[in-house]
Amino acid sequence: MLRLPNYSRTVYGLCRSLTNQISKRNQSLSSTTSKVAIEPNTSKMSIFSGHIKGAIINNLEFVRPENITPLPIYQVLDSEGSIKDKSHEPDFTDEHLVKMYQDMTLLNVLDRILYESQRQGRISFYMTNFGEEATHIGSAAALNPKDLVYGQYREAGVLMYRGFKLHEFIDQCFGNSRAACKGVQMPVHYGSTNLSFVTISSTLATQMPQAVGSAYAYKRAQNGLCVVCYFGEGAASEGDAHAALNFAATLEAPVIFFCRNNGYAISTTTIDQYRGDGIASRGPGYGMATIRVDGNDLFGVYNATKAARELALNEMRPVLIEAMTLRVGHHSTSDDSSAYRSIDEVRTRDKRDNPILRIRKYMIKRGCWDEEKEEKWMKDSQKMVMEAFANCEKVKRAPVSTMFENIFDKVEPHLQRQMKEMNEHIRQNPDHFPLALYEKSST
């Protein structure tokens, strides 16, 4: 008789047990199905597909993406500023509409000034939001101010709508001592605890699984809030995106995934980024409610986000929004987009689909805006940004010791040693370190 080691006997026993269970289950299924009227092959449901209720067919047939109708794009406000269907027109007061328009245009002015300041060497880096303003303001207006936001790096308008001040944007880009990050962060990597906006991280898609975890915590807390996670179509190629979407669906977490599909992942066009029907087509595959919206339509984005929030909270499930828009500016100040796309093509599309022009046309037709107000606001917004910029530029940068602080509860011995070595290095090479620009260290 063959003698098995103890671990082999255990495995053998488990296999026998599983075999018996499967046999009993098959007998049970056979008994059950024999009592049920069997439909023709075209509608009979497979018993081997788990929770998938697919019909059994006799045709050898592949699902080919080129034969599937692309998902439609929801739109309320067309490029001429006209409402396609009045029943979808949001019930905004004139005051609210003007606030949204002014946030979009103020962001535009801020972008221009900070972009030029980087070119002058006054800040180190910047990323503009040109062309994507409606995705920010439209979605932000549909959220509860306490809903937690995870941004990627091009959602400054969400913060602006929630009340982030001009000097807070500019302080962060200068990395001065008044900035929340004290300079220990790249420019445009904003964050605000008070405004429920998680600090931005440079690494793509890391915010996505984090957002799911937060949403699951909100679900358990039953606090009536949801989580919104912004990302670009390029980030959707990261492994973290798959993990996040799958976890959100299986955990039934109240999270809105908001994809800004602006056509380019830096220099990589969408045709080189994916072959399927954009990002929205992936939603149903994860078992997720999904909508595709015109990202240059302020009203469409607002309606889609508002409905997504209601769905996420009422049914405790994730929702995917894909906003189709255009990145008008360069990816960042480190990029020259003219090397991989036509400037004339971008200008033509921007002239046709610009979200600010679109909502301005609507407001003029509505009677709550005119050329006189436009001229005054443009002068006022320019003045506001320039004054804030001048004020922020005068603020000294945080002490160099800041890089060693806020890492642990207290400055550990190894960090104290490193700080001492750094200070000695600076003392020996004073010409290379403009300490006059920095506040004095207390350590």
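Heads up: the structure comes first, above all this text.
I will try to describe carefully the structure that is included in this document.

What to know about unusual backbone geometry
The backbone phi angle of Gln 222 is positive, close to 50°, even though this residue is not glycine. If you trace the backbone, Gln 222 turns up in the loop between helix H6 (207–221) and strand S3 (227–232).

Details of the side chain of Glu 233
Tracing the sequence through the fold places Glu 233 in the loop between S3 and helix H7 (239–251). Despite its burial, Glu 233 pairs with no opposite charge, the nearest such side chain being Arg 260 at 6.3 Å. A polar side-chain atom of Glu 233 sits 3.1 Å from the main-chain amide nitrogen of Tyr 264. Leaving out residues up to four positions away in the same chain, Glu 233 has contacts with Cys 259, Arg 260, Asn 261, Asn 262, Gly 263, Tyr 264, Ala 265, Thr 270, Gln 273, Tyr 274 and Ile 279.

Digging into the packing of helix H2 (residues 94–119) against helix H5 (residues 166–174)
With their axes 12 Å apart at the nearest point, H2 and H5 run at an angle of 25° to one another. The angle between H2 and H5 falls in the class roughly parallel. Where H2 crosses over H5, the two elements pack in a sense that is right-handed. Residue-level inspection shows Leu 106, Leu 110 and Leu 114 of H2 in contact with H5, the latter providing Leu 166, Phe 169, Ile 170 and Cys 173. When grouped by side-chain class, the residues that make up the contact of H2 with H5 number 7 nonpolar, no polar and no charged.

Brief notes about the side chain of Gln 118
Following the sequence through the fold, Gln 118 ends up in helix H2. Polar side-chain contacts of Gln 118 include one of 3.3 Å to the backbone oxygen of Ser 124. Apart from the residues within four sequence positions on either side, Gln 118 is in contact with Ile 123, Ser 124, Phe 125, Tyr 126 and Thr 333.

Quick word on the pairing of strand S7 (residues 289–294)
Taken together, the 6 bridges between S7 and strand S8 (residues 319–324) define a ladder with parallel strand orientation. When the sheet's bridge partners are listed, Ala 289 is paired in S8 with Val 319. This β-α-β element, S7 to helix H10 (residues 298–315) to S8, shows right-handed connectivity.

Quick word on empty space enclosed by the protein
For the structure on display, the rule yields 2 cavities of 30 Å³ or more. Space inside the largest cavity adds up to approximately 40 Å³. As for the largest cavity, its lining consists of Asp 111, Tyr 126, Met 127, Asn 129, Tyr 153, Ala 156, Val 188 and Tyr 190. Residue composition of the lining of the largest cavity, grouped by class: 6 nonpolar, 1 polar and 1 charged. Computed from the structure, the second largest cavity encloses a volume of approximately 30 Å³. For the second largest cavity, the full set of lining residues is Gly 131, Asn 296, Leu 326, Val 328, Arg 349, Asp 350, Asp 353, Asn 354 and Pro 355. A total of 3 residues in the lining of the second largest cavity trace back to one element, the largest contributor, which is helix H11 (residues 343–353).

Focus on H6
Because each turn of an α-helix spans 3.6 residues, side chains separated by three or four positions in sequence point in the same direction. Look at H6: 21 Å from first C-alpha to last across 15 residues, which is about the 21 Å you get at 1.5 Å a residue. Those residues of H6 that sit buried are Gln 207, Met 208, Ala 211, Val 212, Ser 214, Ala 215 and Tyr 218. Viewed end-on, H6 has its buried residues packed into an arc of 165°, placing them on one side of the element. In the core, the buried residues of H6 are packed alongside strand S1 (148–150), S3, H7 and strand S4 (255–261).

Concerning the sheet that holds strand S2 (residues 197–198)
Hydrogen bonds between backbone groups are what pair the strands of a sheet, and the pairing can be parallel or antiparallel. An order of S2-S1-S3-S4-S8-S7 is seen for the 6 strands of this open sheet, with the pairing classed as parallel. The two strands at the open ends of the sheet, each matched to only one other strand, are S2 and S7. Examined bridge by bridge, S3 and S4 share 6 bridges and lie parallel to one another. Across the sheet, residue Cys 229 finds its bridge partner in S4, namely Phe 257.

As for the environment of Ser 192
Take Ser 192: it is sitting in the loop between H5 and S2. Among the residues examined, Ser 192 registers a relative accessible area of 12% and is labelled buried. C-alpha of Ser 192 to C-alpha of Phe 164: the two residues are 28 residues apart in sequence and 8.2 Å apart in space.

Notes on the pairing of S4
Burial within S4 is extensive, with 7 of its 7 residues counted as buried. With burial as the criterion, each face of S4 is covered, one bearing Val 255, Phe 257, Cys 259 and Asn 261 and the other bearing Ile 256, Phe 258 and Arg 260. After leaving S3, the chain enters H7 and then returns to the sheet as S4, a path that is right-handed. For S4 and S8, the ladder comprises 6 bridges, and the chain directions are parallel. Its bridge partner being in S8, Cys 259 is matched across the sheet by Glu 322.

Description of the packing of aromatic side chains
Each pair of aromatic rings is reported with the distance of its centres and the angle of its planes. Within the structure shown, the criterion is met by 11 aromatic pairs. Centre to centre, the rings of Tyr 101 and Trp 369 are 5.1 Å apart; their planes meet at 65°, and the pair counts as edge-to-face. Residue Tyr 101 is found in helix H2, and its partner Trp 369 is found in the loop between helix H12 (355–366) and helix H13 (371–394); the two are separated by 268 residues along the sequence. Residue classification places Tyr 101 among the buried residues on the basis of a relative accessible area of 0%. Ring pairs connect the aromatic residues Phe 92, Phe 299, Tyr 302 and Tyr 362, which therefore count as one cluster. Lys 99 extends its terminal NZ or CZ atom over the ring of Tyr 161, reaching a point 4.6 Å from the ring centre. Residue placement shows Arg 341 over the ring face of Tyr 264; its charged tip is 4.9 Å from the ring centre.

What counts as what
- Residues numbered from 1 in each chain as written.
- Predicted model: local features only at pLDDT ≥ 70, side-chain atom pairs only at ≥ 80, totals over all residues.
- Heavy atoms only, no water.
- Helix = DSSP H or I, 4+ residues; strand = E, 2+ residues; numbered from the N terminus.
- Buried < 20%, exposed > 50% of the residue type's maximum accessible area, 1.4 Å probe, protein only.
- Lys, Arg positive; Asp, Glu negative; His and termini not counted.
- Salt bridge = Lys/Arg side-chain N within 4 Å of Asp/Glu carboxyl O.
- Polar contact = N/O pair within 3.5 Å; in protein donor to acceptor, adjacent residues only side chain to side chain.
- Contact = heavy atoms within 4.5 Å.
- Axes fitted to C-alpha atoms, helices over the stretch in contact; angles between N-to-C directions.
- Parallel < 35°, antiparallel > 145°, perpendicular 65-115°, else oblique.
- Left-handed = near helix turned anticlockwise from the far one by under 90°.
- Nonpolar A, V, L, I, M, F, W, Y, C, P; charged D, E, K, R; others polar.
- Pairing = 2+ DSSP bridges.
- Right-handed = clockwise from strand over helix to strand, strands pointing away.
- 1 Å grid on protein atoms, 1.4 Å probe; cavity = no way out; pocket = protein on both sides within 12 Å on 5 of 7 lines; lining within 4 Å.
- Points joined across faces, edges and corners; volume = space filled by probe spheres on them.
- Expected span 1.5 Å × (residues − 1).
- Arc of directions from axis to C-beta.
- Phe/Tyr/Trp six-rings, centres within 6.5 Å; stacked < 30°, edge-to-face > 60°.
- Lys NZ or Arg CZ within 6 Å of the ring centre and 35° of its normal.

Everything listed here is a matter of geometry and, on its own, says nothing about what the molecule does.
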